Each structure stands twice: as C-alpha cells, then as structure tokens.
Amino acid sequence: MFTGEYTHSLDDKGRVAFPRRLRETAGDEAGKEASLFLCRGQGGCLYLYTEKRWRSLVDSMSKPSFGAPDQVNFSRLFFSTASEARLDGQARFQVPDHLRVLAGIDREVVFVGVYD
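Note that the structure is predicted; figures quoted are calculated from it, not measured.

**Regarding the overall build of the protein**
Here is step 1: Per the secondary structure count, the protein includes four helices and seven strands.
Here is step 2: The buried share of the protein, taken over its 116 residues, is 35%.
Here is step 3: The contacts of the protein with a sequence gap of at least 6 include a subset with a gap of at least 24, amounting to 65%.
Here is step 4: Surface summary for the protein: the accessible area is close to 7300 Å², and the carbon and sulfur share equals 49%.

Shown next, in the form of structure tokens:
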C-alpha cells in the first residue's frame, strides 16, 4: 500500500525521481527501468500507477458494461492524457509537458501515497 508524502523537484529536462519509499513498496514492479503509467487525475492532480495496477484498471474499464456514454467519455478523458513513464537507472521518469500543464507543475512535485 502506498502511503506518505514526498517532495521532489523536476530537473531541467522535466524528469523527477520516483521516491525510494514508494519504489520499495512497489517492489519489483518499480525496479530499475520499470514502467509506470501517469495520467490526469481529479482536482488538478496526476495519478501514477505501477504497470500491474494500470493493466488491472484497463481490464476493468474494458468490460462490456463500460460502453455507457458517461463511461465512454470518462475513458476518452482518462486514456487520452495517459503516458508511460519508464524509470531510468537513477529511478527518474519524464513528466510530459501536457501533464505538467494540466497539473500546474513548474518545479516541485509532491507524491502522495493513496493506497494504490
């Protein structure tokens, strides 16, 4: 379970380090050169998921009952901003420009562990 709050800064190339405590919680899923998925969240936040959790979300959203108009609109909004974020050898990942603008990120990033 992800918990805690961690503040990091973007570097000049728009990369941020994934906090060590969150990497430890994620275990092998967030190891060196692992993939994370970053997308628009609620309230001006971005959501960051491990690949395993992202795949689970995708599976749950692709069920036949997910075809209702409101669900389709949500899916478009959610997935259109999504971006794979691969960790480099220093456990950093790139925050794409469009997501930085959506979240109002200029320099400082606050990671908040919220369960998954």
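**Quick word on unusual backbone geometry**
Here is step 1: Phi at Ala-91 takes a positive value of approximately 60 degrees, unusual for a residue other than glycine.
Here is step 2: One can find Ala-91 in the loop between β5 (83-86) and β6 (92-94).
Here is step 3: On the accessibility criterion, Ala-91 (10% relative accessible area) is buried.

Rules used throughout
Residues numbered from 1 in each chain as written. Predicted model: local features only at pLDDT ≥ 70, side-chain atom pairs only at ≥ 80, totals over all residues. Heavy atoms only, no water. Helix = DSSP H or I, 4+ residues; strand = E, 2+ residues; numbered from the N terminus. Buried < 20%, exposed > 50% of the residue type's maximum accessible area, 1.4 Å probe, protein only. Contact = heavy atoms within 4.5 Å. Areas by Shrake-Rupley, 256 points an atom, 1.4 Å probe, with all protein chains shown as cover.

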